[in-house]
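In case you want the letters, here they are:
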Amino acid sequence: VAMAHIQDNGGGELLSSARVKYHRQRMLELIGLALLGFVVGAYGTVIGAGGGFILVPALLFLYPDYEPEQLTAISLAVVMANAASGSIAYGRQHRIDYLTGLLFAACAAPGVLAGAIVVGYVPERLFSAMFGAMLLVLAAVAIRGRREAIRAPIRGAGTILRQMHDPEGRTYVYAYRIWQAVVISLAVGFISSLFGIGGGVMQVPAMIILLHIPIQYAIATSQFTLVFMAGGATVIHVINGGLGGDQAVKAIAVSVGAVPGAQVGALLAHRIKPRMVLFLLGGAILVLGVRLILRAAFGL
């Protein structure tokens, strides 16, 4: 009986030690995810991209056993938290074009819904290759920093004219065609939801190059739009069961870091020259494009 008692005590001590070790490792994992979230939040907010293009590859490396839908769900939840925090900061700076942001969000809704539904069913290799090649072209344009001649805003039926005043007292007047905003929003919504990248890496260049929206307003407005796009896709993943349990815990841990990171990113964006922002954006697009081509070629 005495020997059995000793053995029981020994087993209990071993079990207790294993539990302590597990909880310590778990805590270090969550702290590491929060630090990752801070980097994702800061960089993503500087370029208005949400940070999903960094987070998805990182999660794929850290959790190779997760299904693509689970990784996408975690990423979109973090992008939503990051975008909400960044939007609050950009709102205080008066750099968000709320009308354009709401228009983009509303038009993107069908694309977001479609992307969240088909992510688990559609083979993506060919699509990844084509999308990756397109992103490489966008990266080249952004890094090159093409300068366009100042033009008078377009006018007429089917156009939206905007006049914005920044905190420094400068006035910006620009206009775009509604059909362009609708087409861009649908495409961005679908692709962002499908790949879990947030969509800013497509939306910001489209706003700058195609719609001629000033860089600082394109970045801040994109961040505002991502709150709705990523938020809608996250709700769908919660309903479908793609975001729950351990995945939800990881999403919360990353978001804990992403929220303050977004505040830092908004402050940095206010001080960084537009040319540098374009360079950072081009670098982000380049990384995502290469990653998608590697996925198409080798399944990485």
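A quick note: this is a predicted structure, and the numbers were derived from the prediction, not measured.

### Examining the overall build of the protein
The helix and strand tally for the protein stands at 10 helices and two strands. Long-range pairs, those at least 24 residues apart, make up 81% of the contacts in the protein with a sequence separation of at least 6. Just so you have it, the protein exposes about 14400 Å², and 70% of that area is on carbon and sulfur atoms.

### Considerations on the packing of helix α3 (residues 68–92) against helix α8 (residues 215–240)
Packing of α3 against α8 leaves a shortest axis separation of 7 Å and a crossing angle of 145 degrees. The hand of the α3/α8 crossing is left-handed. Taken together, the residues that form the contact of α3 with α8 break down as 15 nonpolar, nine polar and one charged.

### Brief notes about the packing of helix α4 (residues 98–118) against α8
In the contact formed by α4 and α8, the axes pass within 8 Å of each other and the chain directions differ by 30 degrees. Compared by their axis directions, α4 and α8 come out roughly parallel. In this structure, α4 crosses over α8, and the sense of that crossing is right-handed. Residue-level inspection shows Tyr98, Thr100, Gly101, Leu102, Phe104, Ala105, Ala108, Val112, Leu113 and Ala116 of α4 in contact with α8, the latter providing Thr221, Phe224, Thr225, Phe228, Met229, Gly232, Ala233, Ile236 and His237. Taken together, the residues of the contact of α4 with α8 sort by class into 13 nonpolar, six polar and no charged.

### Concerning the pairing of strand β1 (residues 159–165)
Alternating residues of β1 divide into Ile160, Arg162 and Met164, all buried, and Thr159, Leu161, Gln163 and His165, none buried. Pairing geometry for β1 and strand β2 (residues 171–177), over seven bridges, is antiparallel. The residue of β2 that forms the bridge with isoleucine 160 is tyrosine 176. What sits between the antiparallel neighbours β1 and β2 is a turn of five residues, in which glycine 169 has the positive phi angle 90 degrees.

### With respect to the side chain of threonine 45
Mapped onto the elements, threonine 45 comes out in helix α1 (residues 2–47). When its relative accessible area of 0% is taken as the criterion, threonine 45 is described as buried. A polar contact is formed between the side chain of threonine 45 and the side chain of asparagine 82, at a distance of 3.1 Å. Not counting chain neighbours up to four residues away, the residues in contact with threonine 45 comprise Asn82, Gly86, Tyr90, Ile219, Gln223, Ala262, Gly265 and Ala266.

### A look at the packing of aromatic side chains
The tally for this structure, following the rule as stated, stands at four aromatic pairs. For the ring pair phenylalanine 224 and phenylalanine 228, a centre distance of 5.3 Å and an interplane angle of 80 degrees mean the geometry is edge-to-face. Of this pair, phenylalanine 224 and phenylalanine 228 are both found in helix α8, four residues apart, which corresponds to roughly one turn of the helix. Classification of phenylalanine 224 by relative accessible area gives buried; the value is 12%.

### Observations regarding the pattern of salt bridges
By the definition in use, this model includes five salt bridges. In this structure, arginine 26 and aspartate 246 form a salt bridge, with 2.5 Å as the shortest nitrogen-oxygen distance. Taken as a pair, arginine 26 in helix α1 and aspartate 246 in helix α9 (residues 246–271) lie far apart in primary sequence, 220 residues in all. Aspartate 246 sits in the partly exposed class, given a relative accessible area of 28%. A salt bridge links aspartate 97 to arginine 162, with the shortest nitrogen-to-oxygen separation between them at 3.0 Å. Of the two residues, aspartate 97 sits in the loop between α3 and α4 while arginine 162 sits in strand β1, which places them 65 residues apart along the sequence. When sorted by exposure, aspartate 97 lands in the same class as arginine 162, which is buried. It is possible to trace a salt-bridge network through shared partners that takes in Arg26, Glu29, Asp246 and Lys250.

### Remarks on the confidence of the model for the protein
Averaged over all residues, the pLDDT of the protein equals 79, while 83% of them reach at least 70. Across residues 1–7, confidence stays below pLDDT 50; counting only partners more than four residues off in sequence or on other chains, it has zero contacts. The low-confidence segment residues 146–150 (pLDDT under 50) makes four contacts with residues lying over four places distant or belonging to another chain.

### Thoughts on α4
An ideal rise of 1.5 Å per residue puts 30 Å on 21 residues; α4 measures up with 30 Å between its terminal C-alpha atoms. The sharpest bend along α4 reaches about 40 degrees and sits at alanine 109, with the proline proline 110 one to four residues further on.

### Section: unusual backbone geometry
Positive phi, close to 60 degrees, is recorded for histidine 94, a residue that is not glycine. On the secondary structure map, histidine 94 appears in the loop between α3 and α4. Located in the positive-phi region is histidine 212, a residue other than glycine, with phi close to 60 degrees. Positionally, histidine 212 belongs in the loop between α7 (200–209) and α8. On the accessibility criterion, histidine 212 (26% relative accessible area) is partly exposed.

Rules of the game
Residues numbered from 1 in each chain as written. Predicted model: local features only at pLDDT ≥ 70, side-chain atom pairs only at ≥ 80, totals over all residues. Heavy atoms only, no water. Helix = DSSP H or I, 4+ residues; strand = E, 2+ residues; numbered from the N terminus. Contact = heavy atoms within 4.5 Å. Areas by Shrake-Rupley, 256 points an atom, 1.4 Å probe, with all protein chains shown as cover. Axes fitted to C-alpha atoms, helices over the stretch in contact; angles between N-to-C directions. Left-handed = near helix turned anticlockwise from the far one by under 90°. Nonpolar A, V, L, I, M, F, W, Y, C, P; charged D, E, K, R; others polar. Parallel < 35°, antiparallel > 145°, perpendicular 65-115°, else oblique. Buried < 20%, exposed > 50% of the residue type's maximum accessible area, 1.4 Å probe, protein only. Pairing = 2+ DSSP bridges. Polar contact = N/O pair within 3.5 Å; in protein donor to acceptor, adjacent residues only side chain to side chain. Phe/Tyr/Trp six-rings, centres within 6.5 Å; stacked < 30°, edge-to-face > 60°. Salt bridge = Lys/Arg side-chain N within 4 Å of Asp/Glu carboxyl O. pLDDT = per-residue confidence, 0-100. Expected span 1.5 Å × (residues − 1). Bend = angle between axes of the 7 residues up to and from the residue.

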